[in-house]
Amino acid sequence: MKNFWLNMPTEIFFGKNQIEVLGKQLKKENVKSVLLVYGKGSIKRSGLYDKIISLLAENSIKVTELPGIDPNPRISSVAKGAELCRENKIDFIIAAGAGSVIDCSKAIAAARYYNGDPWDFFIRRTSVKKALPLCAVLTLAATGSEMNGGCVLTNEKTLEKLPMGSVRLKPRFSILDPVYTFTLPKNQTIAGIADMMSHVFEQYFSYPDASLQDHMSEAVLKTVIENAPVVVAEPENYEARADIMWAGTVALNGLLELGKEGDWATHMIEHELSAKYDITHGVGLAILTPNWMKHVLDEKNCYKFAAYGRNVWNITEKDDMKAALQAIEKTSEFFKSIGLPQKLSEIGIDGSRFDEMAESALKNSRIGTFKELNKEDIVEIYRMSL
């Protein structure tokens, strides 16, 4: 296990009606003016918007709104939000929505104090020196953004999708009420499930091995696999929704990667798909992940896939390579069983841009630590996914 540093400053308020703590928490922060960031209006249909506005009014907090954040959030929304923060003397941001809203809010928090192009953070031209504080009110279990300092944005002009992060962007607190996920459409629920599982895979299939973290990863995966069919069949099953929501947070709050070096290859090559074709990130991950597994599997690392198969899927095969192949097949079957697409062709993507996307993925950094990928590897994974 490698040396590590752990910082987890985000307070979590989990469970029914935890939105009631919002006013008290903002008073603790001495907040006078907030930017309320949200998506296409689902928080209005669920009643969450009215509740937040009421709580802010009760505490005499001025509200400026930034609605309409896209599922693959755009850098143009960040520039707009940062300008609203300057004009209205915003001292706190409330991100009410899914990971896209939270990610966009983090970038706005950083851009507020930066006079250049916000995209500079994502191409490593600058780093976060100062940021507005923020909180998250989560409405979709998927990204873990509610308890980490990372964010991913799309540049609609260059068709790039890149990550950036800073400890300064971790939410001060986050409110996680599983009830807010009851009315989610099935396609959003299952895409979120694929996303959180992929987060675990990126940390589990990495070096060096770390026994406790790996077993924690297996526990998160088992929890998701057990509860996913339940939330699909019974959208208002509170206990299943609660387990899925907390699993999504733990999957990317920093605990699983301690002492390890995450791989993140599947995420980086999927970012090219969702940047170029504007597909749902979790859908792209569900299609690519089993094919990444097949492509990188070899005699050296098959023990890891075999451990995954035995500890998560209860595979009894004693030969590591055979167990590994069975585990990969189980992964594909699971994604299919909850309704996720299996091939890029199912979502209207052909192979015409594979070379371009592979080159773009490699433009800013190496891809993969579990097994490094070159352009030919990435193109082959795309082709396997057709």
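Cut-offs applied
Counting restarts for each chain, with residues numbered from 1 along the sequence as it is written. Confidence filtering applies because this is a predicted model: local features only for residues at pLDDT of at least 70, side-chain atom pairs given and counted only at 80 or more, and all residues used for totals across whole chains, interfaces and linings. As a convention, hydrogens and water are excluded, and side-chain values are obtained from all of the structure's heavy atoms. By definition here, a salt bridge exists when the distance from a side-chain nitrogen of Lys or Arg to a carboxyl oxygen of Asp or Glu is within 4 Å. Numbering goes from the N terminus for both helices and strands, where a helix is a DSSP run of H or I of at least four residues and a strand is a run of E of at least two. Between buried and exposed lies partly exposed: a residue is buried under 20% and exposed over 50% of the maximum accessible area for its type, with that area taken using a 1.4 Å probe on protein chains only. Strand pairing is assigned whenever DSSP identifies at least 2 bridges connecting the two strands. Angles run from 0 to 180 degrees between N-to-C directions of axes, and those axes are lines fitted to C-alpha atoms, restricted for helices to the stretch in contact. In this analysis, the expected span of each helix is defined as 1.5 Å times one less than the number of residues it contains. Contacts are residue-level and defined by heavy atoms, with any inter-residue pair within 4.5 Å sufficient. Here, the term nonpolar core denotes a set of buried Ala, Val, Leu, Ile, Met, Phe, Trp, Tyr and Cys residues that are joined through side-chain atoms within 4.5 Å. Detection works on a 1 Å grid of protein atoms alone, calling trapped sets that fit a 1.4 Å probe cavities and calling open sets with protein on both sides within 12 Å along at least five of seven lines pockets, with lining residues defined by an atom within 4 Å of a point. Grid points are joined across faces, edges and corners, and a volume is the space filled by probe spheres set on the points. Any angle between 65 and 115 degrees counts as roughly perpendicular, while under 35 counts as roughly parallel, over 145 as roughly antiparallel, and the rest as oblique. It is the rotation of the near helix from the far one that decides the hand of a crossing: anticlockwise by less than a right angle makes it left-handed, clockwise makes it right-handed. Only Phe, Tyr and Trp rings take part, Trp by its six-membered ring, and two of them pair if their centres are within 6.5 Å. Stacked means planes under 30 degrees apart, edge-to-face means over 60, and tilted covers everything else. Whether a charge lies above a ring is judged from NZ of Lys or CZ of Arg, which has to be within 6 Å of the ring centre and within 35 degrees of the ring normal.

A separate point is the pattern of salt bridges. Taken as a whole and assessed by the stated rule, the structure comprises 19 salt bridges. A salt bridge links Lys-2 to Glu-261; the nearest nitrogen and oxygen atoms lie 4.0 Å apart. Placement of Lys-2 in the segment before β1 (11–14) and of Glu-261 in the loop between α8 (238–250) and α9 (265–277) is noted, with a sequence separation of 259 residues between them. You can call Lys-2 partly exposed: its relative accessible area is 39%. Taking the relative accessible area as the measure of exposure, Glu-261 reaches 40% and is therefore partly exposed. The closest approach of N and O atoms between Glu-83 and Arg-86, which form a salt bridge, is 3.3 Å. Residue Glu-83 and its partner Arg-86 are located together in helix α4 (residues 75–87), separated by three residues, close to a single helical turn. On the accessibility criterion, Glu-83 (35% relative accessible area) is partly exposed. A network of salt bridges, in which partner residues are shared, links Asp-209, Asp-214, Lys-260 and Lys-304.

Another aspect to go through is the sheet that holds strand β5 (residues 134–138). Ordered by their spatial adjacency, six strands build an open sheet running β1-β8-β5-β4-β2-β3, and the pairing between neighbours is parallel. Edge positions in the open sheet fall to β1 and β3 (62–66), since each of these has one partner strand only. In this sheet, neighbouring strand axes are inclined to one another by 20 degrees on average, regardless of whether the strands run parallel or antiparallel. Where β1 and strand β8 (residues 173–176) come together, four bridges link them in parallel fashion.

With 13 residues, α9 should cover 18 Å at 1.5 Å per step; its first-to-last C-alpha distance of 19 Å lies within 8% of that length. Burial analysis of α9 places 12 of its 13 residues in the buried class, which makes it a mostly covered element. Among the residues of α9, Ala-265, Thr-266, His-267, Met-268, Ile-269, Glu-270, His-271, Glu-272, Leu-273, Ser-274, Ala-275 and Lys-276 are the ones counted as buried. Close packing links the buried residues of α9 with β6 (150–155), β7 (160–165), α6 (186–204), α10 (281–296), α13 (354–361) and α14 (375–384). Where α9 terminates, the next one or two residues include Asp-278, which has phi positive at roughly 55 degrees.

Attention now goes to the nonpolar core. Residues Phe-122, Trp-292, Phe-305 and Tyr-308 are the most contacted members of the largest nonpolar core, which totals 100 residues. Per element, the largest residue contribution to this core is nine residues, and it comes from α6. Core analysis: the next-biggest nonpolar cluster, separate from the first, contains 24 residues, Leu-26, Tyr-38, Leu-55 and Tyr-180 among them.

This brings us to empty space enclosed by the protein. To find leftover empty space, a probe the size of one water molecule is rolled over the atoms. The full count for this structure, using the stated rule, is three cavities of 30 Å³ or more. Here the largest cavity defines a volume of roughly 60 Å³. If you trace the largest cavity, you find it lined by Leu-140, Ala-141, Thr-181, Leu-184, Thr-189, Ile-193, Met-196, Arg-241, Ile-244 and Met-245. Elements with a minimum of two residues in the lining of the largest cavity: α6 and α8.

Before going further, it helps to spend a moment on the pairing of β5. For β5, the buried fraction is high: five of the five residues fall into the buried class. Of the two faces of β5, both are covered, the one formed by Leu-134, Ala-136 and Leu-138 as well as the one formed by Cys-135 and Val-137. Bridge count between β5 and β8: four bridges; the pairing is parallel. The residue of β8 that forms the bridge with Val-137 is Ile-175.

Here Lys-304 lies in helix α11 (residues 302–312). Leave out the neighbours within four places in its chain, and Lys-304 touches Tyr-204, Phe-205, Asp-209, Asp-214, Lys-260 and Phe-370.

Taken N-terminus to C-terminus, the directions of α6 and α10 make an angle of 45 degrees; their axes are 7 Å apart at the nearest point. When the interaxial angle is binned, α6 and α10 end up oblique. Considering how the two elements wind past one another, α6 and α10 form a crossing that is left-handed. The residues of α10 that touch α6, namely those facing Ala-191, Ala-194, Asp-195, Ser-198 and Phe-201, are His-281, Gly-282, Val-283, Leu-285, Ala-286, Thr-289 and Met-293.

Right, let's talk about the packing of aromatic side chains for a bit. If you walk through the whole model with that rule in mind, you get 21 aromatic pairs. Both rings, one in Phe-205 and one in Tyr-308, keep their centres 5.7 Å apart while their planes meet at 85 degrees; by these two values the pair is edge-to-face. Placement of the pair is Phe-205 in the loop between α6 and α7 (211–233) and Tyr-308 in helix α11, with a sequence separation of 103 residues. Given the relative accessible area of 0%, Phe-205 is considered buried. Judged by relative accessible area, Tyr-308 falls into the buried class, the value being 0%. Taken together, the aromatic side chains of Phe-201, Tyr-204, Phe-205, Tyr-207, Trp-292, Phe-305, Tyr-308 and Phe-370 make up a single cluster linked through ring pairs. The lysine or arginine in question, Lys-44, covers the ring of Tyr-49, its NZ or CZ lying 4.8 Å from the ring centre. Its guanidinium or amino end placed over the ring of Tyr-277, Arg-353 lies 5.8 Å from that ring's centre, counting from NZ or CZ.

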